[in-house]
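Breakdown of the fold
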Amino acid sequence: MIVRRLLATSVLLLLVPGLCATAGAGSKATNFTVRDINSKHVRLSDFSTKLVLLNFWATWCKPCMVELKHLEKIYQKYRSRGFVVLAVSMDGSETQAKVKPFIRRYKLSFPVVVDSETHIVKLYNPKHSAPFSVYINRGRVVKQREGFQVSDLPAIEKEIADLLK
Amino acid sequence: MELLSRTRGPALVTLIAVLCPAPAWGLEFTLFQRGFTLDLTDTLTYAYNADNRNTFEDDDEYHLVLNKLDINLSLGDLRLGGRFDMYLYAGEPEERDDRYVNRFAPQQVYFMVARPEFDVTMGDFYATLGKGIALSVVKIDELGQDTTIRGGKFTYHDHGLGVTFLAGQFNPLALDSATGWVAAWDPEPLVAGRLEYNFFEKVLVGAHVMYHFIDDPGSSGAEVARTDHDVVWGVGVEIPELFASVLSLAAEVDLQQSVVDGVVIRGPGGDGGLDGIAAYASASSQLGDLTLLAEYKYYDNFELRARSGTKFEPYPLLYHHPPTLERLTADIKDNTSIWGAHLRADYNLGQRGPVELLVAANYGYFEDWAEGSDLTIHDPFGSIEVTWQEGKGKLEVESGVRRTYDNDNDKVKFQDIHLELNMEQSLATRHSLKLTFSLLQRSRAEFISEDEWKEMDLALTYKWSPHLLLAFTVERQEDPREVREPENYFGGVARYYITTSTYINVRGGQNRGGIKCYLGTCRYVPPFSGAEVQAVVRY
């Protein structure tokens, strides 16, 4: 009986988003504080008036690297309109040293934080997906995106442009 | 259809009606005049496991329904969360009490107060101190390894000051999520703390201590007193921007003391000299289009691991992850008594005709003197990255030879020649094709036998953004002893995205298992043969 109820609950949870509309004002984003690659504290609330693309990546994730290079171009195009990429490195102690050289190699100019304790991951990306993006518009979570291939680029740019309107 | 019975049907409709007006990402509702937010991530999997062609029959021909539901409920700065796992088995080949166990259990339940200046977490949490040499308990997805610390953690972070204090026990989950084994882990208490300060926002200095109580039943079966312990002290410094951001430096030194039956067997106070020490340093620099990275490690008899026997020997759970300096998938025999260095140089050649070029060269050198070993390792490898059409096409090739010499006879004991290739091409608007290929030619010389074999993985992926992803995989595994014929494994994946983060994934065919190594941790991953349907929902 318990098992049947659990199954029913699971099915229900799967059905709900499919039956609901896919647009909304979004839920309030939980604040966090972590150190960036220059050891300075960065808070999500520092960007409370902007459209933040919280991008989860790691140096061992090949699609992440491709996505970050493209995000740099989009960031340069829309930063004057209040768009910011906040790149969250999920690199642990084994690969953390590679983060800064990677940022330098690809000349990425947006803020990069290192979440070695998976604090932000726990709040926004509990499946530990990479690459994974969360769009936070003026303090509210409005969209999420998992995975990246270059064919996703037009959709990503359109999403950002629409949210900045 | 019981769900849609007269009594439950309206309840279902009502619930959907209540939930639907909420935004698609996060559900907001008001209770006791306070605004709550509910975030859910659910992964529901049905898998049919056929004969996976390994030598065991007790992991064939069974069905599994697995549901992992992450729930987070927020109210202002307060957050209550957890993951609820459900394992349901059918047709399992035999009754066992350590595998194929039906269970529904809350995992990783926590309560958090997240203020701008501090966080307090009660329940399950991950933790890392400094460079992860003294303590690092995090999830390693690639190996399905996921354990936590259960207890309390306090973190303060403001005005350059960082303070962390935690107390609890390792391994509360007692379940290996990759295989479904119920582990024989015992709770192992620990307390730890770290203090760090960023002087002038230029120099970060930190110090930490970790005290791990050991409760090992030992060979007699009688529990020993908790005077047994591991204690680790560490100090570190980071200077991220030197000489107008041209140079970055980081270093950490840790000391470990192990006491068993009241006797110091490792570290200060013992008779092992300088053992129980771990030192790590890194430097990176940017000189125009040249990027440099240098890393150094010196570990002498430094190891922190689960004391209880597990089903996963000889790859026990590690409670720390000291940097290995090695390639991600290198089969690392030992990282406890070893010194070595890794150098990497990247040069951005820029636009050359229709393409943009970036080349990288790496060299790793290590000397391993762990018990029973006297090895020297050379690991040179290089890569080239070519992009075209403003990044719409990309090719990356990496190759190298990792040789391990036995210093007793100067012969090559292990050799891995690896070749990895990643290629992606945008075909038209919203259509792209990706190819990944890896080939590992391995050899080992032990005692009187010399074995050579190949391992190969290939995946071809097509994506029609944002809806559909199709993948075809081929894997090949040769038997080192050449007793069995080489095995080929064919598989396919189809994924349909309902939204950009909610999808249904169907997988069929086979995947080879074996010893898989990632980030310095290795473990046996069972092969898979059968079919799997998975739905991932986030809202």
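Residues numbered from 1 in each chain as written. Chains lettered and ligands numbered in written order. Predicted model: local features only at pLDDT ≥ 70, side-chain atom pairs only at ≥ 80, totals over all residues. Heavy atoms only, no water.

Residue and element names in this part refer to chain B. By the definition in use, this model includes 33 salt bridges over all chains. With its nearest N and O atoms 3.1 Å apart, the salt bridge here joins Asp-457 to Arg-512. Here Asp-457 is found in strand E24 (residues 449-464), whereas its partner Arg-512 is found in the loop between strand E27 (503-511) and strand E28 (514-518), with 55 residues between them in sequence. We classify Arg-512 as buried; its relative accessible area is 12%. (Salt bridge = Lys/Arg side-chain N within 4 Å of Asp/Glu carboxyl O. Helix = DSSP H or I, 4+ residues; strand = E, 2+ residues; numbered from the N terminus. Buried < 20%, exposed > 50% of the residue type's maximum accessible area, 1.4 Å probe, protein only.)

Further remarks concern helix H5 (residues 153-164) of chain A. All names here are of chain A. In this model H5 runs 17 Å from its N-terminal to its C-terminal C-alpha over twelve residues, within 8% of the 16 Å that 1.5 Å per residue would give. Buried residues of H5: Leu-153, Ala-155, Ile-156, Glu-159, Ile-160, Ala-161 and Leu-164, and no others. If you follow the buried residues of H5, they end up packed against strand E4 (51-57), helix H2 (62-78), strand E5 (83-89), strand E7 (132-137) and strand E8 (140-146). (Expected span 1.5 Å × (residues − 1). Contact = heavy atoms within 4.5 Å.)

So, about H2 of chain A. Its 17 residues place the ends of H2 of chain A 25 Å apart at the C-alpha level, agreeing with the 24 Å of an ideal helix rising 1.5 Å per residue. The set of residues buried in H2 of chain A consists of Cys-64, Met-65, Val-66, Glu-67, Leu-68, His-70, Leu-71, Glu-72, Ile-74, Tyr-75 and Tyr-78 of chain A. Looking at the buried residues of H2 of chain A, the elements they touch are E4, E5, helix H3 (99-105), E7 and H5 of chain A together with strand E21 (393-406) of chain B.

All names here are of chain A. If you walk across this open sheet you meet the six strands as E1-E8-E7-E4-E5-E6, and the pairing is mixed. At either margin of the open sheet sits one strand with a lone partner, and together these are strand E1 (27-28) and strand E6 (112-114). Note: E7 against E8, six bridges, orientation antiparallel. Counted as the bridge partner of Tyr-135 is Lys-143 from E8. (Pairing = 2+ DSSP bridges.)

As a further point, take the pairing of strand E5 (residues 103-114) of chain B. Residue and element names in this part refer to chain B. Examined bridge by bridge, strand E4 (residues 78-90) and E5 share nine bridges and lie antiparallel to one another. Counterpart to Leu-80 in the pairing with E5 is Phe-111. Taking the residues that link successive antiparallel strands as the turn, the E5-strand E6 (residues 118-125) hairpin has three residues.

Here the focus is the state of the cysteines. Residue and element names in this part refer to chain A. Within this structure, the stated rule accounts for one disulfide over all chains. Two residues share a disulfide in this structure: Cys-61 and Cys-64, whose sulfurs sit 2.0 Å from each other. Taking the torsion about the S-S bond as the criterion, the Cys-61 to Cys-64 disulfide, at about 80°, is right-handed. Cys-64 matches Cys-61 in its accessibility class, with the two residues each being buried. (Disulfide = S-S within 2.5 Å.)

Moving on: the confidence of the model for chain B. Residues and elements named next belong to chain B. Of all residues in chain B, 85% attain a pLDDT of 70 or more, and the chain-wide mean is 84. Scored below 50 in pLDDT, residues 1-24 makes 32 contacts in the model with residues more than four places away or belonging to other chains. Quick note on the complex model: pTM equals 0.87, ipTM equals 0.85. (pLDDT = per-residue confidence, 0-100.)

Let us look at the packing of H2 of chain A against H5 of chain A. Residues and elements named next belong to chain A. In the contact formed by H2 and H5, the axes pass within 11 Å of each other and the chain directions differ by 30°. On the basis of their axis angle, the class for H2 and H5 is roughly parallel. Read as a crossing pair, H2 and H5 show a hand that is right-handed. Contacts from Glu-67, His-70, Ile-74, Lys-77 and Tyr-78 in H2 reach Leu-153, Ile-156, Glu-157, Ile-160, Ala-161 and Leu-164 in H5. When grouped by side-chain class, the residues that make up the contact of H2 with H5 number seven nonpolar, one polar and three charged. (Axes fitted to C-alpha atoms, helices over the stretch in contact; angles between N-to-C directions. Parallel < 35°, antiparallel > 145°, perpendicular 65-115°, else oblique. Left-handed = near helix turned anticlockwise from the far one by under 90°. Nonpolar A, V, L, I, M, F, W, Y, C, P; charged D, E, K, R; others polar.)

Residues and elements named next belong to chain B. Nonpolar side chains collect at one region of the surface, where Tyr-46, Tyr-496, Ile-498, Ile-504, Val-506 and Val-533 lie side by side and expose about 500 Å² of accessible area between them. Structurally, the position occupied by Ile-504 is in strand E27. For Ile-504, a relative accessible area of 36% puts it in the partly exposed group. (Patch = residues over 30% accessible without salt bridge, like charges linked within 9 Å, V, L, I, M, F, W, Y side chains within 5 Å. Areas by Shrake-Rupley, 256 points an atom, 1.4 Å probe, with all protein chains shown as cover.)

All names here are of chain B. In the sheet, strand E26 (residues 487-497) pairs with E27 via seven bridges, with the strands oriented antiparallel. Each bridged residue has a counterpart across the sheet, and for Gly-492 the counterpart in E27 is Gly-508. Between E26 and E27, which follow one another and run antiparallel, lie five residues. Across nine bridges, E27 lies against strand E30 (residues 528-538) in antiparallel orientation.

Of note, the bond from Ala-130 of chain A into Pro-131 of chain A is cis; its omega dihedral lies within 30 degrees of zero at -5°. Along the chain, Pro-131 of chain A turns up in the loop between helix H4 (119-124) and E7. Residue Glu-390 of chain B is not a glycine yet carries a positive backbone phi of 55°. In this structure, Glu-390 of chain B sits in the loop between strand E20 (375-388) and E21. Residue Glu-390 of chain B is classed as exposed on the basis of its relative accessible area of 67%.

In total, this model carries 15 aromatic pairs over all chains according to the counting rule given. Taken together, the aromatic side chains of Trp-57, Phe-102 and Tyr-106 of chain A make up a single cluster linked through ring pairs. Here Arg-507 of chain B stacks its cationic end above the ring of Phe-528 of chain B, 4.2 Å away from the centre of that ring. (Phe/Tyr/Trp six-rings, centres within 6.5 Å; stacked < 30°, edge-to-face > 60°. Lys NZ or Arg CZ within 6 Å of the ring centre and 35° of its normal.)

Tallying the contact residues gives 117 residues for chain B and 78 residues for chain A. Of the roughly 8200 Å² buried between chain B and chain A, counting both surfaces, carbon and sulfur atoms make up 54%. Where chain B packs against chain A, one counts ten salt bridges. On the surface where chain B and chain A come into contact, there are 39 residue pairs in polar contact (both at pLDDT 80 or more). It is strand E2 (residues 34-49) of chain B that contributes the most residues to the side of chain B that touches chain A, seven residues altogether. Among the residues making up the side of chain B that touches chain A, the classes are represented as 45 nonpolar, 36 polar and 36 charged. (Buried area = accessible area lost by both parts, 1.4 Å probe. Polar contact = N/O pair within 3.5 Å; in protein donor to acceptor, adjacent residues only side chain to side chain.)

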